Amino acid sequence: MERSSGIRVRFAPSPTGWLHIGGARTALFNWLFARHNDGKFLLRVEDTDRERSNAEMTQGILDSLRWLGLDWDEEIVYQSKGINRHKAIVQNLIDNNKAYRCFCSTDELKEKREAAEKSGGAYLYDGLCRDLSKETIAQKIDENIPYTIRFRMPEGSTEFDDTVRNNVCVQNRELDDFIILRSDGTPVYQVAVVVDDHDMGITHVIRGDDHLSNAPKQIQIYRALNWEVPCFGHVPMILGPDKKRLSKRHGATSVSQYKTDGFLAEALINYLALLSWSPGDDREILSRNELIDAFTVERISRNASVFDVVKLEWMNAKYIHSLSNIELLEELRPDMDAKALSSVSDKFMLQLISLLKERMKRITDFNEQSHYFFTDPVDFEEKAVKKHWLKEGVAERLSIIIKKYESIENWNEQALEDVLRNLAEELEVGAGKLIHPVRLAVSGLGNTPGIFEVLVLLGRESVIRRLYRGVEWIKSKS
RNA sequence: GGCGCAUUCGUCUAGUGGUUUAGGACGCUGGCCUCUCACGCCGGUAGCACGGGUUCGACUCCCGUAUGCGCUACCA
């Protein structure tokens, strides 16, 4: 059943923070691409920045990926474990004259850069150490002068066909003889990615736009090594409402935050898929399988997109509404335990869910909208009090309905509604004149699900008790 | 500053030279439903950044301008 197309992609987060929305979308595109083509979706943790990386972050990223259902193939590759291999490749580059030692000090370079900037020009390495003689090199090494290794950038230009955008072409001059090995002997990102992608057999590099200008440099490394260059596809950034690259400044940006904020993984996936990509028809709600089915890199757009929480919320609501009551109960459970509501029966919860489901946009809405089902209201919404309680004859009408409800035989929706409407007719008032005060009394709120459904679920005892309290409250104010 | 990338309703997008009075969705909004809210349904609102070309014809092709974003580290 499982077959492979030879297509291999990867997601390569660096564990310097939590998985953020942008990273998740990149991961998703890679995942969809792999699954659509029967390829492999690999994971590589780029943990070579030891100062900023830590295992906890790695774990968090993995958890988020799992939560989103972006399952990966094969073993996770940890970039830090490949350092020796990366060093060996750098050595290889030196041996083949594709790279050279540079003895310029950080300070010297800094000065030159600042000078260049001051005179308005762009700074590029001046090539001072590009062609040192063997003797001088040996001598400097002898003198223990620290050095870095620079890539010997060939002349000409580098052109490549990005799968997402048009052809990209840059002058190699702009690429500079960039450093590939630091003076402390550690390889730099550019070589690590190339070596790892090559070793992992990556065929397509799908990553964020911010790497676009890295691509030509990396292509040059591939060529210097005589390695096959993978296909590149650079996906546009996700922006905040101010059109700036999405960051913490814009509020929640981590996937885990969206989880705790009550979003469903399926909804997030669906929404993220529609940022800079579309199936080409008018579908907006697409299941995971429909996404896999429809996904092609060619349909990724070149435009950055603004992350719109409001639309995500709308989509999340759609997904919540499409859940069965039992499924929704499972989603609610973690929160319930936290609120020590686990003693409530599932049967009751299921009934409550069917009342509240249509009104939920986020999982977290449930707690906010259901509290009066667990405890009598103590506060009453001011606006509703003004509108429905502090009016002529309300207490009297409530008292009558209490009597009626106390003597009702079958405590069900139909009976409760009939009694109330009949009473309204008798009193020659609109049914609302009874319904709203009752609602306020039992819930403390101006808005709730259908009142008769609420009354049934609440039960006779609780309803009568709350109605009496309501009447007392009103009388105490007049 | 240099280099690169981009530019369709407020937002996400469809559109690949004539089928378009530019379609859908979110939002906003009018109405229906109705015990309130929500859901649902019906309707409305609003857009091809600008200027030149190319062409019988341009949202679609080319060139400028503007704007935005990204990169420009011994970070990844």
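Whatever comes next refers back to the structure up there.
Below or above, wherever it landed, is the structure these notes cover. Computed from a prediction, not measured in an experiment: that's the story for all the values here. The residue numbering used here restarts from 1 in each chain and proceeds along that chain's sequence as written. Labels are handed out in written order, letters beginning with A for the chains and numbers beginning with 1 for the ligands. Only residues with pLDDT of 70 or above have their local features reported here, since the model is predicted, and side-chain atom pairs are shown and tallied only from 80 upward, although totals for entire chains, interfaces and linings are computed over all residues. With hydrogens and water excluded, all non-hydrogen atoms of the structure serve as input to the side-chain values.

Time to look at the protein's contact with RNA strand B. Near RNA strand B there are 64 residues, and of these Arg165, Arg182, Lys244, Ser276 and Arg359 occur at the shortest range. Neighbouring residues are identified by heavy atoms, a residue being near a molecule or strand if any of them is within 4 Å of it. Each atom of RNA strand B within 4 Å of the protein belongs either to a base or to sugar and phosphate, the latter forming 76%. Take Val306: an N or O atom from its main chain is 2.8 Å from a phosphate oxygen of RNA strand B. Within the side chain of Lys311, an N or O atom sits 3.1 Å from a base nitrogen of RNA strand B. N or O atoms closer than or at 3.5 Å make up a polar contact, with two conditions inside protein: a donor-capable atom paired with an acceptor-capable one, and, for residues adjacent in sequence, both atoms drawn from side chains.

So, on to the sheet that holds strand E1 (residues 8-11). Taken together, three strands build an open sheet; the order of strands is E1-E2-E3 and the sheet is parallel. This sheet does not close on itself; its edge strands, each paired only once, are E1 and strand E3 (77-78). Of the pairings in the sheet, the one linking E1 to strand E2 (residues 40-45) comprises four bridges and is parallel in character. Within E2, the position partnered with Arg10 by the bridge is Leu42. Against the sheet, helix H1 (residues 21-36) engages E1 and E2, with an angle of about 165 degrees to E1. Strand contacts of helix H2 (residues 55-68): E1, E2 and E3, with the helix running at about 160 degrees to E2, the strand carrying the most contacts. Two strands form a pair only when DSSP identifies at least two bridges running between them. Only runs of H or I of at least four residues qualify as helices and only runs of E of at least two qualify as strands under DSSP, and these elements are numbered from the N terminus. Should any heavy atoms of two residues lie within 4.5 Å, those residues are counted as being in contact. Each axis is a line fitted through C-alpha atoms, taken for helices only over the stretch in contact, and angles between the N-to-C directions span 0 to 180 degrees.

Take the packing of aromatic side chains next. Planes of paired rings set the category: under 30 degrees apart is stacked, over 60 is edge-to-face and the rest tilted, where pairs are Phe, Tyr or Trp rings (Trp by its six-membered ring) whose centres lie within 6.5 Å. This structure, assessed with the given rule, holds 14 aromatic pairs. An aromatic cluster of three or more residues is present, and its members are Tyr258, Phe263, Tyr271 and Phe307. Over a ring means this: the NZ of a Lys or the CZ of an Arg is within 6 Å of the ring centre and within 35 degrees of the ring normal. Positioned over the ring face of Tyr125 is Arg150, at 3.6 Å from the centre of the ring. Across the ring face of Phe178, the terminal group of Lys217 is positioned such that the distance to the ring centre comes to 5.3 Å.

Attention shifts here to the pairing of strand E10 (residues 231-235). Think of it in three bands: residues with accessible area under 20% of the maximum for their type are buried, residues over 50% are exposed, and the middle band is partly exposed, with areas taken using a 1.4 Å probe on protein chains only. Most of E10 sits out of view: four of its five residues are buried. Here strand E9 (residues 204-208) runs beside E10; their pairing, made up of five bridges, is parallel. Looking across to E10, one finds that Ile206 is bridged to Gly233. On the question of chirality, the crossover connecting E9 to the parallel E10 by way of helix H8 (residues 215-225) is right-handed. Clockwise travel from the first strand over the helix to the second, with the strands pointing away from the viewer, marks a crossover as right-handed.

The next subject is the layout of surface pockets. The probe, sized like a water molecule, is rolled over the atoms to show the empty space still left. What the largest pocket holds in volume is close to 1200 Å³. Surrounding the largest pocket, 41 residues form its lining, Ser14, Thr16, His20, Asp210 and Arg245 being those nearest its centre. Put simply, the parts of the chain that give the lining of the largest pocket at least two residues each are E1, H1, helix H7 (189-199) and E9. Of all the elements, H1 adds the most residues to the lining of the largest pocket, at four residues. Both site types are read off a 1 Å grid over the protein atoms alone. A 1.4 Å probe that fits but cannot get out defines a cavity, while an open set with protein on both sides within 12 Å along at least five of seven lines defines a pocket; lining residues have an atom within 4 Å of a point. Grid points are joined across faces, edges and corners, and a volume is the space filled by probe spheres set on the points.

Here the focus is the pairing of E2. Burial of E2 is extensive: five of the six residues sit out of reach of the surface. Handedness of the E1-H1-E2 crossover: right-handed. Summarising the sheet, E2 and E3 pair through two bridges and their orientation is parallel. The residue bridging Arg44 from the neighbouring strand is Val77, located in E3.

This paragraph deals with the environment of Ser64. Counting through the fold element by element, Ser64 comes out in helix H2. For Ser64, a relative accessible area of 6% translates into the label buried. On a C-alpha basis, the gap between Ser64 and Trp389 in space is 48 Å, while along the polypeptide they are 325 residues apart. Not counting residues up to four positions away in its chain, the partners in contact with Ser64 are Leu19, Val255 and Ser256.

Attention now moves to unusual backbone geometry. Here the phi dihedral of Asp38 falls at roughly 55 degrees; this positive angle occurs in a residue that is not glycine. Here Asp38 shows up in the loop between H1 and E2.

All right, on to the packing of helix H3 (residues 83-95) against H7 then. Contact pair H3 / H7: the axes reach a minimum separation of 10 Å and the direction vectors enclose 105 degrees. The orientation of H3 relative to H7 falls into the category roughly perpendicular. Every residue of H7 that contacts H3 at Arg85, His86, Ile89 and Val90 is listed here: Val191, Ala192, Val195, Asp196, His198 and Asp199. Gly is placed with the polar residues, together with every amino acid not listed as nonpolar (Ala, Val, Leu, Ile, Met, Phe, Trp, Tyr, Cys and Pro) or charged (Asp, Glu, Lys and Arg). By residue class, the composition of the contact of H3 with H7 is five nonpolar, two polar and three charged. Small angles under 35 degrees read as roughly parallel and large ones over 145 as roughly antiparallel, with 65 to 115 read as roughly perpendicular and the rest as oblique.

Moving on: the nonpolar core. Soluble globular proteins tend to pack their nonpolar side chains together in the buried interior. The biggest cluster of nonpolar side chains holds 105 residues, and the ones touching the most others in it are Phe307, Tyr405, Leu455 and Leu467. Ranked by residues supplied to this core, first place goes to H1 with nine residues. Leaving out residues up to four positions away in the same chain, Leu455 has contacts with Tyr405, Trp411, Leu416, Val438, Val442 and Val463. In this structure, Ala99, Ile180, Leu212 and Tyr222 belong to the second largest nonpolar core, which totals 30 residues. In this description, a nonpolar core means a group of buried Ala, Val, Leu, Ile, Met, Phe, Trp, Tyr and Cys residues linked to one another through side-chain atoms lying within 4.5 Å.

Okay, H3 next. In this model, H3 (13 residues) spans 18 Å end to end at C-alpha, consistent with the 18 Å of a helix rising 1.5 Å per residue. Among all positions of H3, only Ile83, His86, Ile89, Val90, Leu93 and Ile94 are buried. Summarising the axial view, the buried residues of H3 lie within an arc of 150 degrees, below the 170-degree limit, and thus occupy one face. For H3, exposure combined with an orientation more than 90 degrees from the buried face picks out Asn84 and Asp95. Buried residues along H3 sit against strand E4 (99-102), strand E5 (148-151), strand E8 (179-181), H7 and H8. A helix's residues, less one, multiplied by 1.5 Å, set its expected span. Think of the arc as the fan of directions from the helix axis to the C-beta atoms.

Together, Lys383, Lys387, Lys391 and Lys433 make up a region of like positive charge exposed at the surface. You can call Lys387 exposed: its relative accessible area is 57%. Candidate patch residues must exceed 30% relative accessible area and have no salt bridge, after which like charges are joined if within 9 Å and Val, Leu, Ile, Met, Phe, Trp or Tyr side chains if within 5 Å. What sets the accessible areas is the Shrake-Rupley method with a 1.4 Å probe; for residues, cover comes only from the shown protein chains. In what follows, salt bridge is the name for a side-chain nitrogen of Lys or Arg lying within 4 Å of a carboxyl oxygen of Asp or Glu. Neither His nor the chain termini are counted; the positive set is Lys and Arg, and the negative set is Asp and Glu. Every charge is mapped onto a representative atom, which is NZ of Lys, CZ of Arg, CG of Asp or CD of Glu.

The subject of this paragraph is a negative patch on the surface. A surface patch of negative charge is lined by Asp107, Glu108, Glu111, Glu114 and Glu117. For Glu117, the position within the fold is in helix H4 (residues 106-118).

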